[in-house]
Amino acid sequence: MTTEIFLDKEKAEKIKKIRPTKDEYFMLIAKLVSLRATCPRLRVGAVAVKDGYILATGYNGAPRNMDHCIDVGCILVDGHCHRAVHAEQNVIAMAARKGISLEGATLYVTHFPCDTCFKLLINAGIKEIVYEEMYPNKVTEMLLKEAQEKGIIKIRQFKLSKERVRQFLEELFPEFCGGYKEKGED
């Protein structure tokens, strides 16, 4: 038996260029999770990770076994839906149901958390929040400032570039992006 090390440098370089960074990887997953959201007011996805592993995911929607906003409508109070459970709350609930600690984890979330979710995330032990889109909330901004001054939690914005998303889509779905031809096509 012959054993050798073989490296196709051209293929290796292509893989290195398309391979998502950890931030890209987890934010893409959060965005994919948001597609499961059932409240049309805002589709939010979140994923809790620790040491490079996914602990729990969540999206905004009705509580388990209850009617969804997309089926029966939102319950609006002061312009906010009270039927849907927030994505961040669902991450915490999923982890709790499965006996998974979120202590020291990072949360990737498509939209910055509201003040209630922000407080819950701190109490759940989340040490960093990485968000893509800002969701303006004066109370959250006040709490965030205090938490950051006290070193309780790190917050940073990470936006996926349109160019990188295009590259990922072309790699995953070439048939939809003009890069795929069936056998026999000219």
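The paragraphs below set out a description of the structure included in this document. Going along each chain's sequence as written, the residues are numbered from 1 onward. The predicted origin of the model limits local features to residues at a pLDDT of at least 70 and limits the giving and counting of side-chain atom pairs to 80 or more, whereas totals for whole chains, interfaces and linings rest on all residues. Processing note: side-chain calculations cover all non-hydrogen atoms of the structure and skip hydrogens and water entirely.

**Considering the sheet that holds strand β2 (residues 53-59)**
Two orientations exist for strands paired in a sheet by backbone hydrogen bonds: parallel and antiparallel.
So, point 1. With mixed pairing, the five strands of this open sheet are ordered in space as β2-β1-β5-β6-β7. Strands with a single pairing partner mark the edges of an open sheet, and in this sheet they are β2 and β7 (154-157). Each strand of the sheet is rotated relative to its neighbour by a mean of 20°, with strand direction disregarded.
So, point 2. A pair of strands is considered paired only if DSSP assigns at least 2 bridges between the two. Here a helix means four or more residues in a row that DSSP labels H or I, a strand means two or more in a row labelled E, and each is numbered from the N terminus. As paired elements, strand β1 (residues 45-50) and β2 share six bridges and run antiparallel to each other. Counterpart to Val-49 in the pairing with β2 is Ile-54.
So, point 3. Contacting β1, β2 and β5 (106-111), helix α4 (residues 87-97) crosses the sheet at an angle of about 130° to β2. Lines fitted to C-alpha atoms define the axes here, with helix axes fitted over just the stretch in contact, and angles between the N-to-C directions of these axes take values from 0 to 180 degrees. Contact criterion: two residues are considered in contact whenever any of their non-hydrogen atoms come within 4.5 Å of each other.

**So, the pairing of β1**
So, point 1. With five of six residues buried, β1 lies mostly within the body of the structure.
So, point 2. Note that β1 and β5 share four bridges and pair antiparallel. When the sheet's bridge partners are listed, Val-49 is paired in β5 with Thr-106. Burial classification: accessible surface area is computed with a 1.4 Å probe over protein chains only, and a residue below 20% of its type maximum counts as buried, one above 50% as exposed, and the rest as partly exposed.

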